[in-house]
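One-letter residues, chain by chain:
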Amino acid sequence: MELLIQNRSRLKIDLKKIKRWVSLILKKPGYQDSEISILFVDDEGIRVLNKNYRGKDRATDVLSFSQLEEVKNSKLQTPNSELLLGDVVISLETAKRQAKERGHSFEKEVFILLTHGIFHLLGYDHEKSRKMAAEMRRMEREIIESEYQRVKVSKP
């Protein structure tokens, strides 16, 4: 797996844990040979992207930009080797606010958003149907519950 990470936010995040988390997420469906980029920004940075690409002039928590044409119409059913999945952009400012509102750590919120963004890259879209939204939420919850504690306590 090739992972490109940039943090353009003033908030700090443990990039080693982010790498382990992405590896765990992509390992589950079998996408170990994939390429993905992760960009951490502030609210203004994600607002600009949200306006330019989605026509929504407001900050959001996470954006995903898939490089897979077939993902736009359905879930990616089978992984390919050396697959360029795309980009996930997360506002660390929004993640920090949401973590406080939801009563868990900033790190856990970032992992939740990262999981959600990667599932979008794999073709899951909660806006397409209630069934896909429920499946996406179930899979995200399963990964968070089964793997978060292991990444949280792991040593670099």
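Residues numbered from 1 in each chain as written. Predicted model: local features only at pLDDT ≥ 70, side-chain atom pairs only at ≥ 80, totals over all residues. Heavy atoms only, no water.

Considerations on the packing of aromatic side chains
Reasoning step 1: By the definition in use, this model includes 3 aromatic pairs.
Reasoning step 2: Seen from their ring centres, Phe119 and Tyr124 are 5.4 Å apart, and the 70° between their planes marks the pair as edge-to-face. By the burial criterion, Phe119 is buried, and Tyr124 matches it. (Phe/Tyr/Trp six-rings, centres within 6.5 Å; stacked < 30°, edge-to-face > 60°. Buried < 20%, exposed > 50% of the residue type's maximum accessible area, 1.4 Å probe, protein only.)

Considering helix H3 (residues 92-102)
Reasoning step 1: Listed as buried for H3 are Leu92, Thr94, Ala95, Gln98 and Ala99. Projected down its long axis, H3 carries its buried residues within an arc of 150°, all on one side. For H3, exposure combined with an orientation more than 90 degrees from the buried face picks out Lys100 and Glu101.
Reasoning step 2: Those residues of H3 hidden inside the fold are in contact with strand E1 (2-7), strand E2 (35-41), helix H2 (43-54), strand E4 (84-91) and helix H4 (106-121).
Reasoning step 3: Of the residues trailing H3, Gly103 is marked for its positive phi of about 75°. (Helix = DSSP H or I, 4+ residues; strand = E, 2+ residues; numbered from the N terminus. Arc of directions from axis to C-beta. Contact = heavy atoms within 4.5 Å.)

Observations concerning the side chain of Glu109
Reasoning step 1: Topologically, Glu109 is positioned in helix H4.
Reasoning step 2: Here Gln98 takes part through its side chain, which lies 2.7 Å from a polar atom of the side chain of Glu109.
Reasoning step 3: Setting aside chain neighbours within four positions, we find Glu109 in contact with Ala95, Gln98, Ala99, Arg102 and His104. (Polar contact = N/O pair within 3.5 Å; in protein donor to acceptor, adjacent residues only side chain to side chain.)

A word on the packing of helix H1 (residues 15-27) against H4
Reasoning step 1: Axis separation between H1 and H4 bottoms out at 11 Å; the angle between their running directions is 40°. As judged from the angle between their axes, H1 and H4 are oblique. Of the two elements, H1 crosses H4, and the hand of that crossing is right-handed. From H1, Lys17, Ile18, Trp21, Val22, Ile25 and Leu26 reach across to H4, where they touch Glu107, Val110, Phe111, Leu114, Thr115 and Ile118.
Reasoning step 2: Tallied by class, the residues present in the contact of H1 with H4 amount to 9 nonpolar, 1 polar and 2 charged. (Axes fitted to C-alpha atoms, helices over the stretch in contact; angles between N-to-C directions. Parallel < 35°, antiparallel > 145°, perpendicular 65-115°, else oblique. Left-handed = near helix turned anticlockwise from the far one by under 90°. Nonpolar A, V, L, I, M, F, W, Y, C, P; charged D, E, K, R; others polar.)

A few points about H4
Reasoning step 1: With 16 residues, H4 should cover 22 Å at 1.5 Å per step; its first-to-last C-alpha distance of 23 Å lies within 8% of that length.
Reasoning step 2: Across the 16 residues of H4, 12 count as buried, placing the element largely inside the fold.
Reasoning step 3: For H4, the set of buried residues is Glu107, Glu109, Val110, Phe111, Leu113, Leu114, Thr115, His116, Gly117, Ile118, Phe119 and Leu121.
Reasoning step 4: Just downstream of H4, Gly123 is the residue with a positive phi angle, here 105°. (Expected span 1.5 Å × (residues − 1).)

Considerations on the pattern of salt bridges
Reasoning step 1: What the rule picks out here adds up to 7 salt bridges.
Reasoning step 2: The partner of Asp43 in a salt bridge is Arg97, and the shortest N-O contact between them spans 2.8 Å. Within this pair, whereas Asp43 is found in helix H2, its partner Arg97 is found in helix H3, the two being separated by 54 residues in sequence.
Reasoning step 3: A relative accessible area of 42% places Arg97 in the partly exposed class.
Reasoning step 4: In this structure, Arg138 engages Glu142 in a salt bridge whose closest nitrogen and oxygen atoms are separated by 3.4 Å. On the criterion of helical spacing, the pair formed by Arg138 and Glu142 is a turn pair, its members being 4 residues apart in helix H5 (residues 130-153).
Reasoning step 5: The exposure class of Glu142 is partly exposed, given its relative accessible area of 43%.
Reasoning step 6: Through salt bridges with shared partners, a single ionic network connects Glu44, Arg47 and Asp57. (Salt bridge = Lys/Arg side-chain N within 4 Å of Asp/Glu carboxyl O.)

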